[in-house]
Amino acid sequence: MGTKLKALKVGDKLGNWTLVEAIDSGGNADVWRASHSDYPNAAIKILRDL
């Protein structure tokens, strides 16, 4: 079905985004505080493979 992703950790890059802090984890997604040159403080929601 989907592709298995490695476990994410602080400092990992997703494109131009850098993961800064894990905020929360729920049943279907993880939410991270992330930074980008244009958006120094943003939240990214990463959906899990169902």
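Residues numbered from 1 in each chain as written. Predicted model: local features only at pLDDT ≥ 70, side-chain atom pairs only at ≥ 80, totals over all residues. Heavy atoms only, no water.

Participant: Can you help me understand the pairing of strand β2 (residues 17–25) in this one?
Facilitator: Side-chain positions along a regular strand alternate between the two faces of the sheet. Here strand β1 (residues 13–14) pairs with β2 via 2 bridges, running antiparallel. Among the inter-strand pairings, Leu14 is bridged to a residue of β2, identified as Trp17. Connecting the antiparallel pair β1 and β2 is a turn made up of 2 residues, with Gly15 showing a positive phi of about 65 degrees. Relative to strand β3 (residues 29–35), β2 runs antiparallel, the two being bridged by 6 bridges. (Pairing = 2+ DSSP bridges. Helix = DSSP H or I, 4+ residues; strand = E, 2+ residues; numbered from the N terminus.)

Participant: How should the packing of aromatic side chains be read in this particular structure?
Facilitator: The description of an aromatic ring pair rests on the distance of the ring centres and on the angle between the ring planes. Within the structure shown, the criterion is met by 1 aromatic pair. Seen in terms of ring centroids, Trp17 and Tyr39 are 6.2 Å apart; in terms of plane orientation they differ by 15 degrees. Their pairing is stacked. You can see Trp17 sitting in strand β2 and its partner Tyr39 sitting in the loop between β3 and β4 (42–47), a full 22 residues away along the chain. (Phe/Tyr/Trp six-rings, centres within 6.5 Å; stacked < 30°, edge-to-face > 60°.)

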